[in-house]
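Structural features, examined
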Amino acid sequence: MFLRIAYTIFIGILLATFVGVGIAAFYPSPKQPKQDMFPYAEKIDSELTPEEKKVQVAQQEKNQKEWEAFSEANKEYSRDVSVISLVASVIMLGLGLTLVRKIYMMSDGLLLGGVLTLVYSIIRSFNSNNNQFQFIVVSVGLIAALSLGYIKFVKPHEKNSSKK
């Protein structure tokens, strides 16, 4: 019994990891900009000449623009990753509920992997900083969780109670 539960958990974690690693391998994240140091960083503000202050302000503005561009790209990336992992989780949940029903360990492993991937998708959606998108992802997660609970736990009890 313990080995069966351990195997199910292992399959679930491995499937969620597979999705995450697959996304990272084939859809790389934007690279964080390297923040250039100010050329006069060792001096305090009062020691800077007007020319050095201009150079420092220009460097700060350049760093700020690069960081803002990265931040926007990262929000978009998080949204895309959330969608990809959401689709993968729905596929795993569907497979776990339909195709592999006869092999319970595989079915439960697929379901657990789908739930873990769904959690990953929801977490990534929060990085997108888009409330409507977050609501949609959480709604899909809620619908999937309620459906999964009904099909996996309630429906079999209804069949058993109707046979009596």
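On a predicted model such as this, the values are computed, not experimentally measured, just so you know.

What follows deals with the overall build of the protein. Scanning the protein for helices and strands turns up four helices and zero strands. When the elements of the protein are put in sequence order from the N terminus, they spell out α-α-α-α. Total accessible area on the protein is roughly 11200 Å²; 67% of this is exposed by carbon and sulfur atoms.

A few words on the packing of aromatic side chains. The final tally for this structure, using the stated rule, is two aromatic pairs. Ring geometry for W67 against F70: centres 5.2 Å apart, planes inclined by 45°, an arrangement best described as tilted. Pair noted here: W67 and F70 are both in helix 2 (residues 50-97), with a separation of three residues, about one helical turn. Relative accessible area serves as the criterion here: at 14%, F70 is assigned to the buried category.

Our next topic: the nonpolar core. With 10 residues, the main nonpolar core is built from L86, L93, L97, L111, L118, I122, F133, V137, A144 and L148. Of all elements in the fold, only helix 2, helix 3 (104-126) and helix 4 (131-163) reach the threshold of two or more residues within this core. Residue contributions to this core peak at four residues, all from helix 4. When residues no more than four places from it in sequence are discounted, the contact partners of L93 are L111, G114, V115, A144 and L148. In this structure, Y77, A88, M92 and L110 belong to the second largest nonpolar core, which totals seven residues.

Looking now at the packing of helix 2 against helix 3. Orientation of helix 2 relative to helix 3, taken along the N-to-C sense of each, is 160°, at an axis distance of 8 Å. In this view, helix 2 runs roughly antiparallel relative to helix 3, as classed from their interaxial angle. At the point where helix 2 passes helix 3, the crossing takes the left-handed sense. Taken together, the residues of the contact of helix 2 with helix 3 break down into 13 nonpolar, 11 polar and one charged.

Do not read the fine detail of predicted coordinates wherever pLDDT is low. Overall, the prediction assigns the protein a mean pLDDT of 88, with 90% of residues at 70 or greater. Here helix 4 stands out as the least confident element of the protein, with mean pLDDT 85; helix 1 (residues 2-26) is the most confident, with 95.

Residues Y7, F10, L14, I103, M105 and M106 make up a contiguous nonpolar surface patch of roughly 540 Å² in combined accessible area. Of all the secondary structure elements, the ones that give two or more residues to the nonpolar patch are helix 1 and helix 3. Per element, the largest residue contribution to the nonpolar patch is three residues, and it comes from helix 1. Within the secondary structure, F10 sits in helix 1.

A word on the packing of helix 1 against helix 2. To characterise two packed helices, one gives the angle between the axes of the helices and the distance between these axes. Two numbers describe how helix 1 lies on helix 2: the axes approach to 11 Å, and their chain directions differ by 145°. Note that helix 1 runs across helix 2; the crossing there is right-handed. The segment helix 1 lies against helix 2, with L15, V19 and I23 engaging Y77, V81, I84, S85, A88 and M92. Along the lines of polarity and charge, the residues of the contact of helix 1 with helix 2 split into eight nonpolar, one polar and no charged.

Once that is clear, we can look at the environment of I91. Here I91 lies in helix 2. Distance from I91 to G114, taken between C-alpha atoms, is 7.7 Å for residues 23 residues apart in sequence.

About the cut-offs
Residues numbered from 1 in each chain as written. Predicted model: local features only at pLDDT ≥ 70, side-chain atom pairs only at ≥ 80, totals over all residues. Heavy atoms only, no water. Helix = DSSP H or I, 4+ residues; strand = E, 2+ residues; numbered from the N terminus. Areas by Shrake-Rupley, 256 points an atom, 1.4 Å probe, with all protein chains shown as cover. Phe/Tyr/Trp six-rings, centres within 6.5 Å; stacked < 30°, edge-to-face > 60°. Buried < 20%, exposed > 50% of the residue type's maximum accessible area, 1.4 Å probe, protein only. Core = buried A, V, L, I, M, F, W, Y, C linked by side-chain atoms within 4.5 Å. Contact = heavy atoms within 4.5 Å. Axes fitted to C-alpha atoms, helices over the stretch in contact; angles between N-to-C directions. Parallel < 35°, antiparallel > 145°, perpendicular 65-115°, else oblique. Left-handed = near helix turned anticlockwise from the far one by under 90°. Nonpolar A, V, L, I, M, F, W, Y, C, P; charged D, E, K, R; others polar. pLDDT = per-residue confidence, 0-100. Patch = residues over 30% accessible without salt bridge, like charges linked within 9 Å, V, L, I, M, F, W, Y side chains within 5 Å. Salt bridge = Lys/Arg side-chain N within 4 Å of Asp/Glu carboxyl O.

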